[in-house]
Amino acid sequence: MSVKIEESWKQVLQPIFEASYFKKLIEFVKQEYKTKPNAIYPPGSLIFNAFDSTPFNKVKVVIIGQDPYHGPNQAHGLAFSVNKGIPIPPSLRNIYQEIERDLGIKPPVHGCLDSWAKQGVLLLNAILTVEAGKAGSHKGKGWEVFTDNVIQILNDQKEHLVFLLWGRFAHEKGKNIDTQKHLVLTASHPSPLANPSNFIGCGHFSKANEYLKTYGLEPVDWSVKN
């Protein structure tokens, strides 16, 4: 299993990498990839893709997901995103629907959100690995502690971030974010199982851009290029 992480993140996360819980977590993950080849997602090289795609000093929006998609070839290390050529998941379809309602941007034909990540949108799952066909299978192994630490570092070391928290799980994950320093927007989860009518109409994408512009930051182009 080959794992890499972008240099600016490596620096701010170094104390966490030295923590005993993290070392134990990595041993578990390595063993999973070793004993279940091709059955752990995403590929090992993409576990930290959210960090590699969005360096620490470029983060301006944080979207928190739960754990990776557990179907073949779906997960590639970015929350809510799937590889090109894979059917767009229902939650992401609803996200695209809200972007169209909010900003008039037509939905793309694929679900790869690389272009968001490259603009400073950290697409962070709370749990970074999963076993094929078993949602939540790596829950409670240490990933949640790691991503809590990541959120705390972002909260403490940066200013004027936008946190988009969708669903109860994300709301809980972001409960300690300083709303004096950052904008926290909450809505129900975009999944069809979570009554997306409470998500459609949230206006988070235009609100995020308005906030960024207020502080002289470049707004996000929420369109996804085909």
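This is a predicted model, so every value here is computed, not measured.

In this section: unusual backbone geometry. Residue Pro42 follows Tyr41 across a cis peptide bond; omega there is -10 degrees. Mapped onto the secondary structure, Pro42 falls in the loop between strand 1 (40–41) and helix 3 (49–53). A positive phi angle, near 70 degrees, is found at Phe80, a position not held by glycine. With respect to the helices and strands, the residue Phe80 is situated in the loop between strand 2 (61–65) and helix 4 (90–103). We classify Phe80 as buried; its relative accessible area is 9%.

Following the criterion strictly, the structure yields 1 cavity of 30 Å³ or more and no others. Per-class residue counts for the lining of the largest cavity are 7 nonpolar, 1 polar and 2 charged.

The subject of this paragraph is the pattern of salt bridges. All told, the structure shown has 9 salt bridges when counted by the stated rule. Between Lys175 and Glu172 there is a salt bridge, with the nearest N and O atoms lying 2.7 Å from each other. The exposed category is assigned to Lys175, whose relative accessible area is 54%. We classify Glu172 as partly exposed; its relative accessible area is 48%. Here Lys225 ties to Asp221 by a salt bridge, and the two come within 3.1 Å at their closest N and O atoms. Residues participating in the shared-partner salt-bridge network are Glu32, Lys36, Glu131 and Lys134.

Below, the discussion takes up the packing of helix 2 (residues 20–35) against helix 6 (residues 143–157). To characterise two packed helices, one gives the angle between the axes of the helices and the distance between these axes. Helix 6 packs onto helix 2 with a crossing angle of 130 degrees between their chain directions and a minimal axis gap of 9 Å. Considered as vectors, helix 2 and helix 6 are oriented oblique to each other. As for how helix 2 packs across helix 6, the hand of that crossing is left-handed. Counting all contacts with helix 2, which are made through Tyr21, Phe22, Leu25, Ile26 and Val29, the residues of helix 6 involved are Trp143, Val145, Phe146 and Asn149. Class assignment of the residues belonging to the contact of helix 2 with helix 6 gives a composition of 8 nonpolar, 1 polar and no charged.

Moving on, we get to helix 1 (residues 7–17). Those residues of helix 1 that fall on the buried side of the exposure criterion are Ser8, Trp9, Val12, Leu13, Ile16 and Phe17. Down the axis of helix 1, the buried side of the element spans an arc of 160 degrees, and every buried residue falls inside it. Seen from the buried face of helix 1, the exposed residues on the opposite side, beyond 90 degrees, are Gln11 and Pro15.

Core analysis: the largest hydrophobic core is formed by 65 residues, its most contacted members being Trp9, Leu13, Phe51, Trp143, Phe146 and Trp222. Looking at this core, the element that brings in the most residues is helix 6, giving 6 residues. In contact with Trp9, other than residues within four places in its own chain, are Phe51, Thr54, Pro55, Phe56, Val59, Leu122, Val150 and Leu154.

Volume-wise, the largest pocket comes out at about 660 Å³. The wall of the largest pocket is formed by 38 residues, among which Gln66, Asp67, Pro68, Tyr69 and His189 lie closest to the centre. Tallying contributions element by element places strand 3 (residues 121–125) first for the lining of the largest pocket, with 3 residues. Tallied by class, the residues present in the lining of the largest pocket amount to 22 nonpolar, 13 polar and 3 charged. A volume near 220 Å³ is recorded for the second largest pocket. What lines the second largest pocket is Glu144, Asp148, Ile151, Gln152, Asn155, Phe169, Glu172, Lys173, Lys175, Asn176 and Ile177. Those elements that provide at least two residues to the lining of the second largest pocket are helix 6 and helix 7 (168–173). For the lining of the second largest pocket, the leading source of residues is helix 6, giving 5 residues. Its residues assigned to classes, the lining of the second largest pocket comprises 3 nonpolar, 3 polar and 5 charged.

The next point concerns the sheet that holds strand 5 (residues 162–166). Taken together, the 4 strands give an open sheet; going across it, the order is 3-2-5-6, and neighbouring strands pair in parallel fashion. Unpaired on one side and paired on the other, strand 3 and strand 6 (183–187) mark the two borders of the sheet. Ignoring strand direction, the axes of neighbouring strands in this sheet form an average angle of 20 degrees. Of the strand pairs in this sheet, strand 2 and strand 5 are connected by 3 bridges, and their pairing is parallel. Bridge pairing in strand 5 links Val62 to Phe163.

What counts, and at which threshold
- Residues numbered from 1 in each chain as written.
- Predicted model: local features only at pLDDT ≥ 70, side-chain atom pairs only at ≥ 80, totals over all residues.
- Heavy atoms only, no water.
- Helix = DSSP H or I, 4+ residues; strand = E, 2+ residues; numbered from the N terminus.
- Buried < 20%, exposed > 50% of the residue type's maximum accessible area, 1.4 Å probe, protein only.
- 1 Å grid on protein atoms, 1.4 Å probe; cavity = no way out; pocket = protein on both sides within 12 Å on 5 of 7 lines; lining within 4 Å.
- Points joined across faces, edges and corners; volume = space filled by probe spheres on them.
- Nonpolar A, V, L, I, M, F, W, Y, C, P; charged D, E, K, R; others polar.
- Salt bridge = Lys/Arg side-chain N within 4 Å of Asp/Glu carboxyl O.
- Axes fitted to C-alpha atoms, helices over the stretch in contact; angles between N-to-C directions.
- Parallel < 35°, antiparallel > 145°, perpendicular 65-115°, else oblique.
- Left-handed = near helix turned anticlockwise from the far one by under 90°.
- Contact = heavy atoms within 4.5 Å.
- Arc of directions from axis to C-beta.
- Core = buried A, V, L, I, M, F, W, Y, C linked by side-chain atoms within 4.5 Å.
- Pairing = 2+ DSSP bridges.

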